[in-house]
Amino acid sequence: MNLKQSARYHRRRLVRHLDLAYARLATWIPERYPDFMCIGAPRAATTWLHRELSRHPGVYLPKRKEMHFYDEPLADGLPDEDELRWRESFYFDVTRPAHLRWYWRHFREAGERLAGDITPLYSTLSAARVSMIHGQIPDLKVIYILRNPVERAWSGLRKSVWYQKGNDYLDSRSADWLLEQVMHPDVLRRGDYPRAIRNWEAVFPADRLLYLFHDDVESDAAACLAEVCRFLGLPPLRAPAAESAERVNAAPAQSMPAEIRQALNAHYAAQIRILEDRFGRSLAHWLR
């Protein structure tokens, strides 16, 4: 992590701690949960969706795109210095009043608008955690964007390396290191769409869940945005500001090595077949 990135990371942590300290005292903050969540997948046009919904007069989104309030802590702690950090090092206790007030505070200016929490990592939550969210927000609407998990994993690796280590770090790493990182359990779990679908469908009814495909966002972003608005019960928004999801928050370009593609294809092949049956569409191109 270079100096600028390190400063940004520590500044974000400091602000979070200060906000939490305020929430411990601010017992007057009213209860206000989001009306909808976009739970991912990471690197699957969620930044594009955040940008577009931010333009809608009927939607309120917090200034920070990703709240990470419901994130689950890692059992094995933080990685070594040479490894990539796939999770936050700070976690909320979602049952403590002060921590809940921290969350509610970010939506208190929504008024009559629909409030949203767009945190892609929520797609990796356990069934117990999702059930807890349902208990707190039973009428929540959930949006889930599915991207080719092979491409998603490589894009996530490139973005994490760039953010944590700098532009040139990826070129200096061995093929074995790249393979180890891209096959990390946290990386693979972010592309385990069948698991996420099972966990969220176990407690939320079908009319509360909207599935989109990154392929469709790339080919017709306006149609996908209109579908989101219909799902949320909002009037349509004018044409998207960005015609393609690839134009928003793109990771630094670099070709995927053949051995990494082969390993990811092998890992995700069975899951992709499950998705083909679930959604009735061919996804064979994801493995090409």
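Given the structure is predicted, the values throughout are model-derived calculations rather than measurements.

Parameters at a glance
- Residues numbered from 1 in each chain as written.
- Predicted model: local features only at pLDDT ≥ 70, side-chain atom pairs only at ≥ 80, totals over all residues.
- Heavy atoms only, no water.
- Helix = DSSP H or I, 4+ residues; strand = E, 2+ residues; numbered from the N terminus.
- Buried < 20%, exposed > 50% of the residue type's maximum accessible area, 1.4 Å probe, protein only.
- Salt bridge = Lys/Arg side-chain N within 4 Å of Asp/Glu carboxyl O.
- Polar contact = N/O pair within 3.5 Å; in protein donor to acceptor, adjacent residues only side chain to side chain.
- Contact = heavy atoms within 4.5 Å.
- Core = buried A, V, L, I, M, F, W, Y, C linked by side-chain atoms within 4.5 Å.
- Pairing = 2+ DSSP bridges.

Caption draft 1: Layout of unusual backbone geometry. Following Gly-40, the chain continues into Ala-41 via a peptide bond in cis, with omega recorded as 0 degrees. Note that Ala-41 resides in the loop between β1 (36–38) and α2 (46–53). For Arg-43, which is not glycine, the phi torsion reads 65 degrees and is therefore positive. Relative to the elements of secondary structure, Arg-43 occurs in the loop between β1 and α2. Phi at Ala-45 takes a positive value of approximately 80 degrees, unusual for a residue other than glycine. With a relative accessible area of 10%, Ala-45 lands in the buried category.

Caption draft 2: Examining the pattern of salt bridges more closely. Using the criterion set out here, one finds 9 salt bridges in the structure. Note that Arg-32 is salt-bridged to Asp-35, the shortest N-O span being 3.2 Å. By relative accessible area, which is 18% here, Arg-32 ends up buried. A salt bridge links Asp-216 to Arg-281; its shortest N-O distance comes to 2.9 Å.

Caption draft 3: Representation of the side chain of Lys-141 in the model. Tracing the sequence through the fold places Lys-141 in strand β4 (residues 141–146). For Lys-141, the side chain forms a polar contact with the main-chain oxygen of Phe-231, separated by 2.6 Å. Filtering out sequence-adjacent residues up to four positions away, Lys-141 remains in contact with Asp-35, Phe-36, Met-37, Arg-208, Phe-231, Leu-232 and Gly-233.

Caption draft 4: Representation of the nonpolar core in the model. Counting 81 residues, the largest nonpolar core has Met-37, Tyr-70, Tyr-103, Tyr-122, Ile-143 and Trp-200 as the members making the most contacts within it. Broken down by element, this core gets its largest block of residues, 7 residues, from helix α10 (residues 221–232). In this view, Tyr-122 contacts Met-37, Ile-39, Met-67, His-68, Phe-69, Tyr-70, Asp-71, Tyr-103, Asp-117 and Trp-200; residues no more than four positions away in its chain are not counted.

Caption draft 5: Molecular detail of the sheet that holds strand β2 (residues 59–60). Here 5 strands make up an open sheet; going across it, the order is β2-β3-β1-β4-β5 and the pairing parallel. Edge positions in the open sheet fall to β2 and β5 (209–213), since each of these has one partner strand only. As paired elements, β2 and strand β3 (residues 114–118) share 2 bridges and run parallel to each other. From the neighbouring strand, Tyr-60 faces β3, where its bridge partner is Ala-115.

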